[in-house]
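# Descriptive analysis of the structure
Spelled out from the first residue to the last, the chains are:
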Amino acid sequence: MGSYTTNFNLYKPDVNETGWGDKVNQNFEIIDDELTANKILEKLKTVDGSGSGLDADTIDGKHADELGGGAGFEKIAEIKVNSDCTYVEFINLDGNSDWFYVLFFTTKNPFSYDVGYWLIVNDDGTNANYYLQKLDISNGNISAGRLNTMDTIVAHGNEDVFCKIIMTKDVNGYFRAFVNSHQGNCENVRMRIAAYCYKIAIENIEKLRIHSSVNNAIVAGSKFILFKARK
Amino acid sequence: MKLKGFRIDVKTNKIKEIFEEITDEEYQKRLEEVKKRKKEEKIKEMIEKKKREILERLAIEELKKEGKL
């Protein structure tokens, strides 16, 4: 007396068995049924998915986390501040690997007097180590200046701020940033374009911080989002 | 004085509320520096504004002499 296979219950005649013709033919019927496209598809669905090795879990040979890397920046951090604070910082960055960063943020100066928002790299809050070459546009007038300061942006009393900063470490190891800020209410909207540098050569960009010159001038509801250039 | 901030670790995506301690003197010093820079900038802006007004006045006078205004 023979035996049956595990998965499809195909009959396996014993070595010396006779008269197994019908049973073998039944085997062929079973196999024929199992090899239809629909049955194969149903079986594949049970093992498809991430890590399966099936090409179905890739597009052009790439997995999901590899897609889009050549197409643009990748978001690496975001925060919507839930209470007033003085600074927001991003740590464990690797500028040597990421090459460029882009930071977008919105905030509002909650006070009636001017507040500066500083971009600090790698924990150095020494004003004299930063330089800013700026163009400020307000009321149709342009004012240019070179400042030895961390005041990346200065918000007038109760001004809303919307800012974009692009950052990198240059070939000689100096931190550089393009700053573009858009401030004020609609009727008094004004703009700053600035080139911002840190004067000491650095090994790497590891930490970035936006710090307000006055305590708690980054209000609840402020949003920060940071992107890096490379996967 | 305690300065409150948010620290985001980009590797773990963890966000922490943190407090940095600085002396009141240091804080006041920072405020004074900001005020000083602001004053210097205001003076520069006043000078630029006056320059523009003078230039505009001169331009109008010249155009009048030329009979264009």
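Residues numbered from 1 in each chain as written. Chains lettered and ligands numbered in written order. Predicted model: local features only at pLDDT ≥ 70, side-chain atom pairs only at ≥ 80, totals over all residues. Heavy atoms only, no water.

## A look at the overall build of chain A
Which entries qualify depends on this criterion: Numbered from the N terminus, helices here are DSSP runs of H or I no shorter than four residues, and strands are runs of E no shorter than two. Note that the radius of gyration is over C-alpha atoms, with the globule rule given as 2.2 Å times the number of residues to the power 0.38. Burial classes follow relative accessibility: with a 1.4 Å probe on protein chains only, a residue under 20% of its type's maximum area counts as buried, one over 50% as exposed, and anything between as partly exposed. Contact criterion: two residues are considered in contact whenever any of their non-hydrogen atoms come within 4.5 Å of each other. Here the accessible surface of atoms and residues is derived via Shrake-Rupley with a 1.4 Å probe, and residues count as covered only by protein chains that are part of the display. This count recognises Lys and Arg as positive and Asp and Glu as negative, with His and chain-terminal groups excluded. By convention, the charge on Lys lies at NZ, on Arg at CZ, on Asp at CG and on Glu at CD.
Looking only at helices and strands, one finds 3 helices and 14 strands in chain A. At 32 Å, chain A has a C-alpha radius of gyration far larger than the 17 Å of a compact globule built from 231 residues. For chain A, the spread of C-alpha atoms along the principal axes amounts to about 100 × 40 × 30 Å. A buried classification covers 41% of the 231 residues belonging to chain A. In chain A, the share of contacts with a sequence separation of at least 24, taken over all contacts with a separation of at least 6, comes to 68%. Here chain A displays about 12,700 Å² of accessible surface, and carbon together with sulfur accounts for 53% of that area. Between the centroid of the 23 positive side chains of chain A and the centroid of its 31 negative side chains there is a distance of 9 Å.

## Section: a nonpolar patch on the surface
Residues and elements named next belong to chain A. Where we set the bar: Here a patch means residues that are over 30% exposed by relative accessible area and free of salt bridges, tied together within 9 Å if like-charged and within 5 Å if nonpolar (Val, Leu, Ile, Met, Phe, Trp, Tyr). What makes a salt bridge here is a side-chain nitrogen of Lys or Arg within 4 Å of a carboxyl oxygen of Asp or Glu, nothing more.
Taken together, the side chains of Phe28, Ile31, Leu35, Ile40, Leu44 and Val47 present a nonpolar region at the surface, about 550 Å² in accessible area. Those elements that provide at least two residues to the nonpolar patch are α1 (21-34) and α2 (37-45). Considering the arrangement of structural elements, one finds Leu44 in helix α2.

## Quick word on the layout of surface pockets
For clarity, the cut-off: In this analysis the probe radius is 1.4 Å and the grid spacing 1 Å, with only protein atoms considered; a cavity is a set of points the probe fits into but cannot get out of, a pocket is an open set with protein on both sides within 12 Å along at least five of seven lines, and lining residues have an atom within 4 Å of a point. Grid points are joined across faces, edges and corners, and a volume is the space filled by probe spheres set on the points. By the convention adopted, Pro, Cys, Tyr, Trp, Phe, Met, Ile, Leu, Val and Ala count as nonpolar, Lys, Arg, Asp and Glu as charged, and the other residues, Gly among them, as polar.
One number sums up the size of the largest pocket: a volume of about 700 Å³. In terms of lining, the largest pocket is formed by 31 residues, of which the most central are A:Ser138, A:Asn139, A:His156, A:Arg190 and B:Glu45. When contributions to the lining of the largest pocket are tallied by element, the ones reaching two or more residues are β7 (130-138), β8 (141-147), β9 (151-155) and β12 (190-198) of chain A together with α1 (24-65) of chain B. Examining the composition of the lining of the largest pocket, we find that 10 residues originate from one element, α1(B), more than from any other. Its residues assigned to classes, the lining of the largest pocket shows 5 nonpolar, 11 polar and 15 charged. In this structure, the second largest pocket encloses a volume near 300 Å³.

## Observations regarding the sheet that holds strand β3 (residues 74-80) of chain A
What counts, and what does not: Only strands that DSSP links by at least two bridges are regarded as paired with each other. Axis lines are fitted through C-alpha atoms, for helices just across the contact stretch, and the angle between N-to-C directions can take any value from 0 to 180 degrees.
Spatial strand order, β3-β14-β5-β10-β11-β12-β7-β8 (chain A): 8 strands in an open sheet with antiparallel pairing. Edge positions in the open sheet fall to β3 and β8 of chain A, since each of these has one partner strand only. Going from strand to strand, the sheet's axes swing by 10° on average, the running direction of each strand aside. Along the sheet face, α1(B) touches β7, β8 and β12 of chain A and points at about 140° away from the line of β8(A).

## Focus: the side chain of A:Ser213
Here A:Ser213 lies in the loop between β13 (208-212) and β14 (223-228). Using a relative accessible area of 1% as the deciding quantity, one classes A:Ser213 as buried.

## Things to note about α1(A)
Residue and element names in this part refer to chain A. For clarity, the cut-off: Between the first and last residue of a helix there are one fewer steps than residues, each counted as 1.5 Å, and that sum is the expected span. Each C-beta atom gives one direction from the helix axis, and the arc is the one those directions make.
With 14 residues, α1 ought to run about 20 Å at 1.5 Å a step, and its terminal C-alpha atoms sit 20 Å apart, in line with that. Every buried residue of α1 is accounted for by Val24, Asn27 and Glu34. What you see down the axis of α1 is that its buried residues fit within an arc of 75°, all on one side. Along α1, the residues that are exposed and aim more than 90 degrees away from the buried face are Asp22, Gln26, Phe28, Glu29 and Asp32. Buried residues belonging to α1 abut β2 (11-12) and α2.

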